[in-house]
Amino acid sequence: MRTPRTALLLVGSPKPGASSSESLGAYLREELETRGLKTLTVKVVKALRSEEATEELCAAVAASDLVVLSFPLYVDSLPAPAIRALEVIAARCAGESGRAGAAPGETPAAAGSPAFVAICQSGFPEVEQSEIAIEICRNFAAAAGFEWAGGLILGAGGMIDGKPLRKLGGMMRSAMRALDLTADELAAGRPLPAEAVRLMAKPAIPAFGYRFMGNWGWRSQIKKQSDGVPVDAQPFA
Amino acid sequence: MSATASAALLLDGRVDDDPTLALIHDALADGLAAGGWAVDDWRLRDDRIAWCAGCFKCWTTTPGVCAHADRGREVASRWVRSDLVVAGTVPAGRAGGPEARTFRRLVERNTLNMQPPRWSSGVLESGANEWDVRLAVSALLDEVGVRPARDAVHSAPSEVVA
């Protein structure tokens with residue numbers, strides 16, 4: 001892995017506003033900037049709205065030594081717009097540079113290839129839920145000619161709620177430490193350390209507490225918003 | 001699966017006219033029809049189906065109904081009329097995803113609304129996959145994925161995974 005000078009943060013959340021994926025990615029982007037990297041953020045939903053925006057996405061990828069994709073887990077995988085963005089990157093951007101064409105796991109990235117990092121967060125307390133999505137990203141990196149630099153998984157991501165990590169303070173201490181370590185290593189041209197993966201996976205609160213708060217929160221929202229329709233309604237039955 | 005009804009919903013997630021995939025699709029559709037099934041053959045790429053925006057309104061505001069008013073909403077209603085649902089898709093290009101984006105949108109749009117929160121075991125229970133809760137029926141679901149080309153992981157040149 002080469003020492004990066006430029007980094008691109010791809011925010012894979014389909015939400016139009018603030019998202020937890022963006023919070024995580026933004027923290028890492030800021031830390032990379034403090035270590036001297038020039039950075040850029042692109043939201044994939046915006047990049048897919050027009051041909052011009054997609055071209056800008058491809059240009060940004062081509063100009064980056066390091067690409068970080070931060071996304072929410074959607075049904076064991078990446079959200080549809082993130083998958084679309086990866087398809088575009090693999091087919092067009094990587095193809096233009098002659099890096100595309102290999103099947104997953106077949107061809108290691110050439111020396112000097114840009115690095116690819118994935119950060120996946122989900123509402124599940126268990127990090128295992130996101131392992132398939134990270135594997136998908138690893139396969140993408142291999143097939144599109146990126147050097148896979150590792151993946152981070154955060155469980156119970158609902159606690160972030162789109163807020164900046166620094167504002168959440170101690171609750172996100174482990175996640176921030178994981179991202180600090182990640183920035184240290186990536187900026188030095190090294191892949192993610194195992195300690196960063198471990199720290200990111202460390203639950204901020206016990207799973208039962210998270211579930212309790214989650215249930216309370218959903219009940220509360222449904223009571224306010226559903227106009228009396230029961231949560232287990234069967235509108236098509 | 002009911003004893004009398006024989007309705008099959010084919011969710012055709014192909015993204016192009018690949019002849020191998022067409023062969024599989026046609027054989028399935030024709031075979032079901034020949035076997036007496038009423039086949040609802042839905043080519044997803046013909047319809048504009050937005051991706052899930054993660055708003056959770058299908059849980060909180062209109063339980064069971066997606067907030068986005070497009071044809072993605074129809075899956076649940078067509079599903080409930082079916083005894084068999086066959087979802088056909090291809091892996092997502094070099095992204096290596098389990099489903100192409102066309103089918104992916106449909107999966108996203110119809111997972112939460114078919115699967116309400118589970119208070120008893122916690123909203124976020126591992127492995128929850130009870131799509132029939134909302135629909136009050138249990139259609140058989142068969143998902144067919146086709147890998148058109150050989151890769152390092154799967155050795156067969158054209159492998160059907162069901």
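Model, not experiment: these values are computed from the prediction.

**Points about the overall build of chain A**
Then, number 1: Helix and strand counts for chain A stand at nine helices and five strands.
Then, number 2: Moving toward the C terminus, one meets the helices and strands of chain A in the order β-α-β-α-α-β-α-β-α-β-α-α-α-α.
Then, number 3: The C-alpha radius of gyration of chain A comes to 18 Å, within 12% of the 18 Å expected for a compact globule of 237 residues.
Then, number 4: Seen along its three principal axes, the alpha-carbon backbone of chain A occupies a region of about 55 × 40 × 30 Å.
Then, number 5: Within chain A, buried positions represent 50% of all 237 residues.

**Regarding the overall build of chain B**
Then, number 1: When helices and strands are tallied, chain B shows five helices and five strands.
Then, number 2: The N-to-C order of helical and strand elements in chain B reads β-α-β-α-α-β-α-α-β-β.
Then, number 3: Counting every position in chain B, which comprises 162 residues, the buried fraction comes to 38%.

**Focus on the confidence of the model for chain B**
Residue and element names in this part refer to chain B.
Then, number 1: A residue-level look at chain B finds 58% of positions with pLDDT of 70 or above and a mean pLDDT of 70.
Then, number 2: Within chain B, strand β5 (residues 159-161) has the poorest average pLDDT of any element, 40, and strand β2 (residues 38-43) the best, 92.
Then, number 3: This model gives residues 94-98 a pLDDT under 50, and the stretch forms 28 contacts once residues within four places in sequence are excluded.
Then, number 4: Here the complex is predicted with pTM 0.83, and the ipTM for its interfaces comes to 0.84.

**Digging into helix α8 (residues 194-201) of chain A**
Residue and element names in this part refer to chain A.
Then, number 1: What α8 keeps buried is the set Ala 196, Leu 199 and Met 200. All buried residues of α8 fall inside an arc of 100 degrees around its axis, so they share one side. Exposed and oriented more than 90 degrees from the buried face of α8 are Ala 194 and Arg 198.
Then, number 2: Buried residues along α8 sit in contact with β5 (147-154) and α7 (173-187).

**Some remarks on the sheet that holds strand β2 (residues 38-43) of chain A**
Residues and elements named next belong to chain A.
Then, number 1: Spatial ordering of the open sheet is given by β2-β1-β3-β4-β5, a layout of five strands whose pairing is parallel. Among the strands making up the open sheet, the edge pair consists of β2 and β5. On average, each strand axis in the sheet is tilted by 15 degrees relative to the strand beside it, whichever way the strands run.
Then, number 2: Relative to β2, strand β1 (residues 6-11) runs parallel, the two sharing six bridges. Across the sheet, residue Thr 6 finds its bridge partner in β2, namely Lys 38.
Then, number 3: Sitting on the sheet, α7 is in contact with β3 (66-72), β4 (115-121) and β5, with an inclination near 170 degrees to β5.

**Some details on the packing of helix α1 (residues 20-34) of chain A against α7(A)**
Residue and element names in this part refer to chain A.
Then, number 1: Two elements in contact, α1 and α7, have axes whose closest approach is 9 Å; the angle formed by their N-to-C orientations is 45 degrees. Here α1 lies oblique to α7, going by the angle between them. For the crossing formed where α1 meets α7, the hand is right-handed. Residues Tyr 27, Leu 28, Glu 31 and Leu 32 of α1 pack against Met 176, Leu 179, Asp 180, Thr 182, Ala 183, Leu 186 and Ala 187 of α7.
Then, number 2: Per-class residue counts for the contact of α1 with α7 are eight nonpolar, one polar and two charged.

**Looking at the nonpolar core**
Then, number 1: Among the nonpolar cores identified, the biggest contains 77 residues, and Leu10(A), Val67(A), Val68(A), Ala85(A) and Val117(A) are the most heavily contacted of them.
Then, number 2: Take this core: its biggest share by element is nine residues, from helix α5 (residues 131-144) of chain A.
Then, number 3: Ignoring any residue separated from it by four or fewer positions in sequence, one finds Val117(A) in contact with Leu66(A), Val68(A), Ala149(A), Gly150(A), Leu186(A) and Leu192(A).
Then, number 4: Membership of the second largest hydrophobic core comes to 16 residues, among which are Phe236(A), Leu9(B), Val86(B) and Val107(B).

About the thresholds
- Residues numbered from 1 in each chain as written.
- Chains lettered and ligands numbered in written order.
- Predicted model: local features only at pLDDT ≥ 70, side-chain atom pairs only at ≥ 80, totals over all residues.
- Helix = DSSP H or I, 4+ residues; strand = E, 2+ residues; numbered from the N terminus.
- Rg over C-alpha atoms; globule rule 2.2 N^0.38 Å.
- Buried ≥ 20, exposed ≤ 12 C-beta atoms within 10 Å, placed from the backbone.
- pLDDT = per-residue confidence, 0-100.
- Contact = placed C-beta atoms within 7 Å.
- Arc of directions from axis to C-beta.
- Pairing = 2+ DSSP bridges.
- Axes fitted to C-alpha atoms, helices over the stretch in contact; angles between N-to-C directions.
- Parallel < 35°, antiparallel > 145°, perpendicular 65-115°, else oblique.
- Left-handed = near helix turned anticlockwise from the far one by under 90°.
- Nonpolar A, V, L, I, M, F, W, Y, C, P; charged D, E, K, R; others polar.
- Core = buried A, V, L, I, M, F, W, Y, C linked by C-beta atoms within 7 Å.

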